[in-house]
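Residue-level structural notes
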Amino acid sequence: QVQLVESGGGLVQPGGSLRLSCAASGIIFRINTMGWYRQAPGKQRELVAGITRGGITNYADSVKGLSTISRDSPKNMVYLQMNNLKPKDTALYYCNAEVQSTVLSRNLEVWGQGTLVTVSS
C-alpha cells in the first residue's frame, strides 16, 4: 500500500507565501505523475499543478506565475510553492500521485488526506 502525507498548510495573510510538501511512502517501484489539487468550500476539486516524472509541469491558469511545483523523485516528494496568496486560494489542498508498486503493476492513483490553506487577514 502507498500513502501520501501532506504538510505545510496553515493560515497566511493575503500576499503571503506557503510551501506545501507531500511525502509518499509504502511499497513503491516508481511514481509517475504527481500533482496538487484543491477543493474550496462548496466547489469541486480542481487541479492546481502537475509534474511528470520527467519534470514537465502544468498549472491551472489561476496560479500560473504565482505557484511552482517541484519534485524530488529519489525521496518520493512533491512540493508546491505558492506566492502572493489571495483569499480565493483558501481550500483544502490534496496531493495526488500515480504509483507503480512493482515493475509489473499498473499505475494506481493515490490521494493524500489534504492540508488546509486559509488566506485571511
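Provided above is the structure to which this section pertains.
Here the structure is a predicted model, which is why all the values come from computation and not from measurement.

Attention now goes to the packing of aromatic side chains. Evaluation of the coordinates by the stated rule reveals 2 aromatic pairs. Ring geometry for Y37 and W111: centres 4.9 Å apart, planes at 65°, overall edge-to-face. Of this pair, Y37 sits in strand β4 (residues 30-39) while W111 sits in strand β10 (residues 108-111), and the two are 74 residues apart along the sequence. By relative accessible area, which is 31% here, W111 ends up partly exposed. Consider the rings of Y94 and W111, whose centres lie 6.4 Å apart with planes at 85°: the pair is edge-to-face.

A surface patch of nonpolar side chains, about 360 Å² in accessible area, is lined by F29, V103 and L104. Under the relative-accessibility criterion, F29 is labelled partly exposed at 41%.

The rules behind these values
Residues numbered from 1 in each chain as written. Predicted model: local features only at pLDDT ≥ 70, side-chain atom pairs only at ≥ 80, totals over all residues. Heavy atoms only, no water. Phe/Tyr/Trp six-rings, centres within 6.5 Å; stacked < 30°, edge-to-face > 60°. Helix = DSSP H or I, 4+ residues; strand = E, 2+ residues; numbered from the N terminus. Buried < 20%, exposed > 50% of the residue type's maximum accessible area, 1.4 Å probe, protein only. Patch = residues over 30% accessible without salt bridge, like charges linked within 9 Å, V, L, I, M, F, W, Y side chains within 5 Å. Areas by Shrake-Rupley, 256 points an atom, 1.4 Å probe, with all protein chains shown as cover. Salt bridge = Lys/Arg side-chain N within 4 Å of Asp/Glu carboxyl O.

Honestly, it's all geometry; don't read function into it.
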